[in-house]
Amino acid sequence: MPYMQTSLQRINAALSAANIATVQRETISNAADLADAFGALPGVDLSDGAVEFIRSWPSALQAAILAAITDNLSRDDERRVPVVLTWTPGYDFDVRIWDVRNTASTHGELTIHLTSRYPGDPHPLGAPLYLADS
C-alpha cells in the first residue's frame, strides 16, 4: 500500500484518544470521498499515490468506513471513542469493523481493519490497483 502505513499513522494520530474530541463530524461527512475525508484531518497530508490507492477501493467499502467514523463523531463525548485503522495484504478488498464502547473497566475503540492487494499486484479481473507514484 503506497505510503499507507505512514498515512495510517497520521490518520490514527488525528483520531486518537488525545485528539478525537477536536475532530468535527463535518470534517468527514462533508468530504467528497474517503481520500478527501482522511486528507481533511488535522496533520494528515496524503501523498498522491496514497490518494489514488484509496480511491481505487470499492465505493461501498469507502462508504462503510466513512459511515463508521461519522457515526462515532456524531456521538456525545462520553460515547465517542478513538479510531484506529490497520492494514494487511490479502487477495481482495475487505473491511472489518469493531466498535468497542467505553465501560467502567476499559476504554473503547473503533477499529477498522483494511485488507487489499499490494499496489501494482494485478487483480485477476483487470489492471493493477495502483499504477503510478505521483
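To be clear, the structure that these remarks concern was listed above.
The notes below deal with the structure included here. A quick note: this is a predicted structure, and the numbers were derived from the prediction, not measured. (Residues numbered from 1 in each chain as written. Predicted model: local features only at pLDDT ≥ 70, side-chain atom pairs only at ≥ 80, totals over all residues. Heavy atoms only, no water.)

Focus on the environment of proline 82
And then number 1: Along the chain, proline 82 falls in the loop between α5 (59-74) and β1 (83-89).
And then number 2: Judged by relative accessible area, which is 16%, proline 82 ranks as buried.
And then number 3: Considering only alpha carbons, one finds proline 82 and asparagine 12, 70 residues apart in sequence, at a separation of 8.4 Å.
And then number 4: What proline 82 contacts, discounting residues up to four positions off in sequence, is Leu15, Ser16, Ala17, Ile20, Gly108, Glu109 and Leu110. (Helix = DSSP H or I, 4+ residues; strand = E, 2+ residues; numbered from the N terminus. Buried < 20%, exposed > 50% of the residue type's maximum accessible area, 1.4 Å probe, protein only. Contact = heavy atoms within 4.5 Å.)

A word on the side chain of serine 116
And then number 1: Summarising the element assignment, serine 116 is placed in strand β3 (residues 109-116).
And then number 2: Taking the relative accessible area as the measure of exposure, serine 116 reaches 0% and is therefore buried.

Regarding α5
And then number 1: The first and last C-alpha atoms of α5 sit 22 Å apart over 16 residues, in line with the 22 Å expected at 1.5 Å per residue.
And then number 2: Buried residues of α5: Gln62, Ile65, Leu66, Ala68, Ile69, Thr70, Asn72 and Leu73, and no others. (Expected span 1.5 Å × (residues − 1).)

Things to note about the packing of aromatic side chains
The geometry of an aromatic ring pair comes down to the distance between the two centres and the angle between the two planes.
And then number 1: All chains considered together, the criterion is met by one aromatic pair.
And then number 2: When the ring centre of tyrosine 91 is taken as reference, the NZ or CZ atom of arginine 117 above it lies at 4.6 Å. (Phe/Tyr/Trp six-rings, centres within 6.5 Å; stacked < 30°, edge-to-face > 60°. Lys NZ or Arg CZ within 6 Å of the ring centre and 35° of its normal.)

Examining the pattern of salt bridges
And then number 1: Throughout the structure, instances matching the rule amount to seven salt bridges.
And then number 2: One salt bridge in this structure joins aspartate 99 and arginine 75, with 2.4 Å as the shortest N-O distance. Taken as a pair, aspartate 99 in strand β2 (residues 94-100) and arginine 75 in the loop between α5 and β1 lie far apart in primary sequence, 24 residues in all.
And then number 3: Overall, the relative accessible area of 6% leaves arginine 75 in the buried class.
And then number 4: Where aspartate 94 meets arginine 96, a salt bridge forms, and the shortest distance between an N and an O atom there is 2.9 Å.
And then number 5: Judged by its relative accessible area of 47%, arginine 96 is partly exposed.
And then number 6: Each of Asp71, Arg75, Asp99 and Arg101 takes part in one network of salt bridges that share partners. (Salt bridge = Lys/Arg side-chain N within 4 Å of Asp/Glu carboxyl O.)

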